[in-house]
Amino acid sequence: MVQPGNNNRICNYGRYSNDRTCNHWVDDPSMCVTGFGSPILVCGLTKISGRTSIEGDSGGGWSWGNAAYGIQHGYTSNHEYFTPIFDAASYLGVTVLMG
């Protein structure tokens, strides 16, 4: 598990759409965003270029090859955002196993 840097290519799996797309690049690995149906400012999200997700895809994975990067958080009209895997594991109180 690693944190991707700017311009790294990355793949997304949509839980609802059941679709994996790999035509994304990291725009900013640490963003603060207000939105996604809430007035609360959420920080530490990774911003991705473009958008392919639809409603219901939240919780899907972001990865490249065998590297887990994060969990889908939300999207705007032009970008997607995910919670980095280390942060997600910490918030959920779980351990991510690597094999």
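Refer to the structure presented above.
Basis of the calculations
Residues numbered from 1 in each chain as written. Predicted model: local features only at pLDDT ≥ 70, side-chain atom pairs only at ≥ 80, totals over all residues. Heavy atoms only, no water. Helix = DSSP H or I, 4+ residues; strand = E, 2+ residues; numbered from the N terminus. Polar contact = N/O pair within 3.5 Å; in protein donor to acceptor, adjacent residues only side chain to side chain. Contact = heavy atoms within 4.5 Å. Disulfide = S-S within 2.5 Å. Pairing = 2+ DSSP bridges. Axes fitted to C-alpha atoms, helices over the stretch in contact; angles between N-to-C directions.

1. A short note on the side chain of His 24
Next, step 1: The residue His 24 is located in strand S2 (residues 19–35) in this model.
Next, step 2: Polar contacts involving the side chain of His 24 include one to the side chain of Thr 52, which spans 3.4 Å.
Next, step 3: Apart from the residues lying within four places of it in its own chain, the contact partners of His 24 are Asn 8, Arg 9, Ile 10, Asn 12, Ile 48, Ser 49, Thr 52, Trp 62 and Glu 80.

2. So, the state of the cysteines
Next, step 1: Taken as a whole and assessed by the stated rule, the structure comprises 2 disulfides.
Next, step 2: A sulfur-sulfur distance of 2.0 Å marks the disulfide that ties Cys 11 to Cys 22. Taking the sign of the S-S torsion, 110 degrees for the link of Cys 11 and Cys 22, the bridge is right-handed. You can see Cys 11 sitting in strand S1 (residues 9–14) and its partner Cys 22 sitting in strand S2, a full 11 residues away along the chain.

3. Considering the sheet that holds strand S3 (residues 38–49)
Next, step 1: Pairing in this closed barrel of 6 strands is antiparallel, and the strands run S1-S2-S3-S6-S5-S4 around the ring. Across this sheet, the average inter-strand angle for adjacent strands is 55 degrees, counted without regard to direction.
Next, step 2: Both strand S4 (residues 61–64) and strand S5 (residues 67–75) contribute to a ladder of 4 bridges, which runs antiparallel. Bridged to Ser 63 within S5 is Ala 68.
Next, step 3: Where helix H1 (residues 85–92) meets the sheet, its contacts fall on S3, S5 and strand S6 (79–84), and the angle it forms with S6 comes to roughly 55 degrees.

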